[in-house]
Amino acid sequence: MSHVSCKPPLMLHCHSAREMMSPNPISIPAVSTIKRAAEFLADHHFGAAPVIDTAGKAIGVISMTDIARHVKKQQPASSIHTECGNVATELPAESEVEVQDVMTPMVFSVTPDTSPKQVIDAMLNENVHRLFVVDHAGLLIGVISTFDILRHMKS
């Protein structure tokens, strides 16, 4: 006779995006150079970060992949050896291309009052690993990652 252990199901213990989010996410100004953005992402071990305009509104996302694609477009085909980890070192020091010219201009966001079910549905439907939380004026106030969701799962 085998013994099967039945553990209680995991439940999400929060009521809103505000409870799930990591507040005050680090963001990159749209007018920063891509060299500075690449260095910032590499230094912080981030794969991506939200991009904000001068008013603090999220207007896109910049990723190491976005920057690597840009670098590859600028290099002759024979010299393409760029990997995401060393993109910052391959950008010329005088590179003045701005983040807003290279970023992905889509922001997947929710409001602080969005329900956990809606947050999870949005992440699954959009096939993203993070959602940005914006207030009613559109200002970036938080980020919800898949890890933030897992942190709130308890039996």
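Residues numbered from 1 in each chain as written. Predicted model: local features only at pLDDT ≥ 70, side-chain atom pairs only at ≥ 80, totals over all residues. Heavy atoms only, no water.

## Comments concerning the nonpolar core
The tendency in soluble globular proteins is for nonpolar side chains to be buried as a group. Among the nonpolar cores identified, the biggest contains 15 residues, and Ile28, Leu41, Val51, Ile62, Ile67 and Val99 are the most heavily contacted of them. In terms of residue count, helix H2 (residues 34-44) provides more of this core than any other element does, 4 residues in total. If you look at the next biggest cluster of nonpolar residues, it comprises 12 residues, including Ala17, Met123, Val128 and Ile144. (Core = buried A, V, L, I, M, F, W, Y, C linked by side-chain atoms within 4.5 Å. Buried < 20%, exposed > 50% of the residue type's maximum accessible area, 1.4 Å probe, protein only. Helix = DSSP H or I, 4+ residues; strand = E, 2+ residues; numbered from the N terminus.)

## Focus: the packing of H2 against helix H3 (residues 64-74)
With their axes 10 Å apart at the nearest point, H2 and H3 run at an angle of 135° to one another. Classed by the angle they form, the pair H2 and H3 counts as oblique. Note on packing geometry: the crossing formed by H2 with H3 is left-handed. Residue-level contacts link Ile34, Ala37, Ala38, Leu41 and Ala42 of H2 to Met64, Ile67 and His70 of H3. Each residue belonging to the contact of H2 with H3 can be placed in one class, and the counts come to 7 nonpolar, 1 polar and no charged. (Axes fitted to C-alpha atoms, helices over the stretch in contact; angles between N-to-C directions. Parallel < 35°, antiparallel > 145°, perpendicular 65-115°, else oblique. Left-handed = near helix turned anticlockwise from the far one by under 90°. Contact = heavy atoms within 4.5 Å. Nonpolar A, V, L, I, M, F, W, Y, C, P; charged D, E, K, R; others polar.)

## Let's talk about the side chain of Ser16
Among the structural elements, Ser16 can be located in the loop between strand E1 (11-12) and helix H1 (17-20). Judged by its relative accessible area of 11%, Ser16 is buried. When neighbours within four sequence positions are excluded, Ser16 is seen to be in contact with Pro112, Asp113, Thr114 and Pro116.

## What about the sheet that holds strand E7 (residues 130-134)?
Taken together, the 4 strands give an open sheet; going across it, the order is E2-E8-E7-E6, and neighbouring strands pair in mixed fashion. For this open sheet the edge positions go to strand E2 (22-23) and strand E6 (109-110), each flanked by a neighbour on one side alone. As judged from the 5 bridges shared by E7 and strand E8 (residues 140-145), these two strands associate in the antiparallel manner. Residue pairing across strands places Val134 opposite Leu140, the latter belonging to E8. (Pairing = 2+ DSSP bridges.)

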